[in-house]
Structure formats: structure tokens, C-alpha cells
Amino acid sequence: MSTDSRDHPLNGTNATEHSVGADLPRTIASLDEAETYRVLVTATNWAALGHAYGSAAEAPKRLAELLAQDQSVRTKALDYLHHALHHQNTLYEATVPAALCVAAIVPNPRTTSTVDKDHDSFPGCMRTELLLWIASVAGEVTDEAEVHSRRHGFPLDDYPPAVGIRRIRPQLYSAAVAYVDDTDRHTAEAAITACIRLLDDARLLHHRTALIPAIRQTLGTSELWQHRERAIDALDTWGEDSTGLEGQQNPFLFCDSDTPADSASWPMDTSGGYSEPPPF
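Our subject in this report is the structure included herewith. (Residues numbered from 1 in each chain as written. Predicted model: local features only at pLDDT ≥ 70, side-chain atom pairs only at ≥ 80, totals over all residues. Heavy atoms only, no water.)

1. A word on the environment of arginine 110
At step 1: On the secondary structure map, arginine 110 appears in the loop between helix H5 (95-105) and helix H6 (126-139).
At step 2: Remark: the alpha-carbon pair of arginine 110 and cysteine 125, spanning 15 residues in sequence, is separated by 9.8 Å.
At step 3: Looking at arginine 110, its side chain comes within polar contact range of the main-chain oxygen of leucine 67, at 3.2 Å. (Helix = DSSP H or I, 4+ residues; strand = E, 2+ residues; numbered from the N terminus. Polar contact = N/O pair within 3.5 Å; in protein donor to acceptor, adjacent residues only side chain to side chain.)

Structure representation (C-alpha cells):
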């Protein structure tokens, strides 16, 4: 993927100029998810925002289709999240309001519906997938991501979409933390993963202590080695004890028997934190 901003001309402006206002996250805090979604859609000039393939004018329709009754339509909408709004881990202008929209619809009962899977997919319903997408987006603005970005000469503070995602981390956290103890194991694991990546935010650091038991007991005992590795990494980074947790069984193989070979939610890290060099 090219790093020349001319390839994506809509991604050079301030990500909030045509998007949600700075105080809108506080405004929507008192609304239910349906009202929140409507406010976000109508308050955003999607046509003026960019994603991987140009204008995001079609985003409201695609986001609404995440809740469609037809499973194939839902699956295509999920693909749109990954391949247009967050293509190869890239943050675009449209990623910011889209993330708020996703956070707003996570509680909708329709997100317990299934989506199409293949042999590379991680298990879980639409809600699980949406939480993993939030985790992926949040992963691009963590402290670790900032270190890697600066190493490449691209501080996140100079990239408006990254600034926008950082600004809304409390709203994304609120959406994810509600499912940390969910009875659906895959949903709980996805929620914990999202919370871990959001808790680098200085406004959220005080929530780390409360999350530690779930990291150890749920994420750290997952059937998926990626989740177990995430638990160990988080505990070690936070100065907590990870004794007794087992990560990937064979460090020389990318795939264990419980591992999807290539998941959109877990891209391989080939360039210091990015699937490709940052596009900014």
C-alpha cells in the first residue's frame, strides 16, 4: 500500500472537520443506542470523509446493514468495516465516526446474530466481530503503536484520524467493558481484548486494576493462543503477574491447531506494529 497521501486525497484534512463535533460524544452519552446511531449518521458529512477507496458516502447504508436480517448482507457489511473503513489496519477519516456508530450498535440484540465464517475466521457472533474491530482500531493508537509510528517518523499526533480515535477512546471503552463478563465466551474475550487496547488512555488508566481478573481468568485461559498471548502481554506490560498462563505452544509456528491462519481481526505484524508502513 502506498504511503503517499495523494492516493487518498480525502485523508489529508482534519478528521473532525466534517465529522462529529468535539462535544458530541458527551451529548450522546444520555441517548440509547438507536438514538445515538441516528445522531451520528445525521451529524456526519460522510461524503466529505475518506476511506481506503475514496469517499465514504455509502457508509451509513453499510453500517445499517450490520443489523440486517439477511446473514449474507450482515457479512458484507462486516467486510466493509474491515476492508474499506480499516483497510490493512489503516485509520481513515471515516474510521472515527464509524467507530462511534459501531460502539452505539454493539448493545443491539441483533448483534447476537451469526455471520458467515470460513476456516480462517475467529469464532463468534456479530457482536464479537464488532468488538474485535474496535480492538483493531484501538490497537493503532496504543502507546506501543505510538513508539513504532515515531520510529518511522510519523508521530500519531500529526495524523488526524489517529487523533480522532484517541479522542473517542472513553466512548469505545464504555461500549466494550459492558461485555467483559458476558455469558458468551467469545464475546467476553473480544470485549477484554478491546478494553486492553483502550486502557493506554490516561483518562482510563484507573480501570486497569478492575480488568485484571478477567484478563487472567477469561482471556488467559482462552482456547485461542492469540487471546492467551494478549493476556500475558497485557499483564507483563502493566507490571502484573502472568505466572501460570500459557501462550502459543510452538513459537516457531504462526498457526497452532486452534489458530485461524489469516484473520482480519488479527493481522500479522510485519513492520513493527503495522501490517504495512503508516500511510501518513
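2. Some words on helix H11 (residues 208-217)
At step 1: Where H11 is concerned, the buried positions are Arg208, Leu211, Ile212, Ala214 and Ile215.
At step 2: Turning to H11, the residues buried within the fold contact helix H10 (185-198) and helix H12 (225-237). (Buried < 20%, exposed > 50% of the residue type's maximum accessible area, 1.4 Å probe, protein only. Contact = heavy atoms within 4.5 Å.)

3. Considering the nonpolar core
At step 1: Core analysis: the largest hydrophobic core is formed by 69 residues, its most contacted members being Leu66 and Leu211.
At step 2: Residues contacting leucine 211, with those up to four places away along its chain left out, are Val180, Ile192, Cys195, Ile196, Leu199 and Trp238. (Core = buried A, V, L, I, M, F, W, Y, C linked by side-chain atoms within 4.5 Å.)

4. With respect to unusual backbone geometry
At step 1: Even without a glycine there, the phi angle at glutamine 88 is positive, about 50 degrees.
At step 2: With respect to the secondary-structure elements, glutamine 88 resides in the loop between helix H4 (71-85) and H5.
At step 3: Owing to a relative accessible area of 34%, glutamine 88 belongs among the partly exposed residues under this scheme.
At step 4: Phi is positive for asparagine 89, close to 70 degrees, though the residue is something other than glycine.
At step 5: Summarising the element assignment, asparagine 89 is placed in the loop between H4 and H5.
At step 6: Taking relative accessible area as the criterion, asparagine 89 reaches 12% and is therefore assigned buried.

5. Overview of the pattern of salt bridges
Think of it this way: side chains of opposite charge can pair up when their charged atoms draw near.
At step 1: The final tally for this structure, using the stated rule, is eleven salt bridges.
At step 2: For arginine 208, the salt bridge identified is with aspartate 200, shortest N-O distance 2.9 Å. With respect to burial, arginine 208 and aspartate 200 carry one shared label: buried.
At step 3: In this structure, arginine 216 engages glutamate 240 in a salt bridge whose closest nitrogen and oxygen atoms are separated by 4.0 Å. With arginine 216 in helix H11 and glutamate 240 in the segment after H12, this pair connects stretches of sequence that are 24 residues apart. (Salt bridge = Lys/Arg side-chain N within 4 Å of Asp/Glu carboxyl O.)

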